[in-house]
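Report on the structure
Letter by letter, the chains look like this.
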Amino acid sequence: MYILEAKGIKKSFGTLNVIKGVDLSVSKGDVIAIIGPSGSGKSTFLRSLINLEKVDDGTITIEGQPVVENGVYAKTPEAKEAYKKLGMVFQNFNLFPHKSVMENIIMAPVSLQKMTRDEAIIEGRRLLAEIGLSDKENAYPYELSGGQQQRVAIARSLALKPEILLFDEPTSALDPELTGEVLRVIRKLAEEKMTLLIVTHEMSFARDVADRIIFMDGGVIAYQGKPEEAFSCNCNPRLTAFLKNFNEH
Ligand SMILES: Nc1ncnc2c1ncn2[C@@H]1O[C@H](COP(=O)(O)OP(=O)(O)O)[C@@H](O)[C@H]1O
Ligand SMILES: [Mg+2]
């Protein structure tokens, strides 16, 4: 059984068709990198999977539980529960500015009554150790670098114990010297066999870490395959042009 399956996903904004029938099957432990030009629908697709955008058509199933069927959203408690298996990390961190690092991390698990405050703090400290920020527990986001903020944002998502973590260009708001520390955290999650869907422009990272590359172009998956093929097979002209353009910048 797939941990996440999307079939025939379509999404328009007004007259603009952004997602034009996308299928994706994700197995437990898959690490999938989604690449493609700006405006090709990568963010909209990720946001649709996690219910931040409503699709117009298609079916989404999370661990066997349909949450959308042919464009119709299931309203059952089971469907609502299923979405909790997904977490997302955004480009701009989206930390709560007036809350400390620890408060950012424990807020959702405590308010959703997943844990007591004391349990959440213990878990928060474990996560801070994992991301190498044990000394920043009481710091506020403005006291942290972008790379540190993004690592906290990852810890905050992990605190809800998602089965699948979605990343939307997690390093593209960072200065180049700060991307490495964030990519290392994501790489560690991949090594721990967490299921990851990562929209990224970091091609060498995608090549190293992903099991599968998905190339989105014009609202469709124009190519998918193993990294060693995707980056060298020249089997899709649009992908080749995209990679060539990328290497020249
Ligand atoms: N909320 C929105 N309203 C209208 N148009 C949108 C909205 N979000 C995205 N779009 C448009 O949809 C297209 C795909 O955007 P997006 O999914 O952000 O692409 P990508 O992440 O690949 O750069 C773009 O043309 C973008 O302008
Ligand atoms: Mg985007």
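Look a little higher up for the structure.
What you see is a predicted model; the values in this text were computed from it and never measured.

**Looking at the state of the cysteines**
Applying the stated rule across the entire model yields one disulfide. Two residues share a disulfide in this structure: Cys 233 and Cys 235, whose sulfurs sit 2.0 Å from each other. Between Cys 233 and Cys 235 the sulfur-sulfur dihedral comes to about -50 degrees; the bridge is accordingly left-handed. Given the relative accessible area of 46%, Cys 235 is considered partly exposed.

**Structural notes on the nonpolar core**
Counting residues in hydrophobic clusters, the biggest one holds 38 residues, and the most contacted among them are Ile 105, Ile 154, Leu 165, Phe 167, Ile 186, Leu 189 and Leu 196. For this core, the secondary-structure elements that each account for two or more residues are α3 (101–111), α4 (117–130), α5 (146–158), β8 (164–168), α6 (176–191), β9 (195–199) and α7 (203–209). For this core, the element with the highest residue contribution is α6, accounting for seven residues. Once you skip the residues sitting within four places of it in the chain, Ile 186 turns out to touch Ile 154, Phe 167, Pro 170, Leu 196, Ile 198 and Phe 205. Of all hydrophobic cores here, the second largest spans 32 residues; its members include Val 26, Ile 32, Val 55 and Tyr 83.

**Details of the side chain of Glu 53**
Topologically, Glu 53 is positioned in the loop between α1 (42–49) and β4 (57–62). Within polar-contact distance, the side chain of Glu 53 engages the side chain of Arg 47 at 3.2 Å. Those residues in contact with Glu 53, other than ones at most four positions away along the chain, are Lys 11, Phe 13, Thr 44, Arg 47, Ser 48 and Tyr 73.

**Thoughts on the site of ligand 1**
Surrounding ligand 1, one finds Phe 13, Leu 16, Val 18, Pro 37, Ser 38, Gly 39, Ser 40, Gly 41, Lys 42, Ser 43 and Thr 44. Within the backbone of Gly 39, a nitrogen or oxygen atom sits 2.7 Å from an oxygen atom of ligand 1. Taking Gly 41, its main chain carries an N or O atom lying 3.0 Å from an oxygen atom of ligand 1. Considered on its own, ligand 1 offers 560 Å² of accessible surface; in the complex 59% of this is hidden by protein. With three residues, α1 is the single largest residue contributor to the shell around ligand 1. Each residue belonging to the shell around ligand 1 can be placed in one class, and the counts come to four nonpolar, six polar and one charged.

**Structural notes on the pairing of β8**
Most of β8 is tucked away, with five of its five residues classed as buried. Of the two faces of β8, both are covered, the one formed by Ile 164, Leu 166 and Asp 168 as well as the one formed by Leu 165 and Phe 167. Bridge count for strand β7 (residues 86–89) against β8 is four bridges, and the pairing is parallel. From the neighbouring strand, Val 89 faces β8, where its bridge partner is Phe 167. Bridge analysis of β8 against β9 gives five bridges, and the strand direction is parallel. Across the sheet, residue Asp 168 finds its bridge partner in β9, namely Val 199. In this fold, β8 hands off to α6, which returns the chain to β9; that crossover is right-handed.

The rules behind each value
Residues numbered from 1 in each chain as written. Chains lettered and ligands numbered in written order. Predicted model: local features only at pLDDT ≥ 70, side-chain atom pairs only at ≥ 80, totals over all residues. Heavy atoms only, no water. Disulfide = S-S within 2.5 Å. Buried < 20%, exposed > 50% of the residue type's maximum accessible area, 1.4 Å probe, protein only. Core = buried A, V, L, I, M, F, W, Y, C linked by side-chain atoms within 4.5 Å. Helix = DSSP H or I, 4+ residues; strand = E, 2+ residues; numbered from the N terminus. Contact = heavy atoms within 4.5 Å. Polar contact = N/O pair within 3.5 Å; in protein donor to acceptor, adjacent residues only side chain to side chain. Near = heavy atom within 4 Å. Areas by Shrake-Rupley, 256 points an atom, 1.4 Å probe, with all protein chains shown as cover. Nonpolar A, V, L, I, M, F, W, Y, C, P; charged D, E, K, R; others polar. Pairing = 2+ DSSP bridges. Right-handed = clockwise from strand over helix to strand, strands pointing away.

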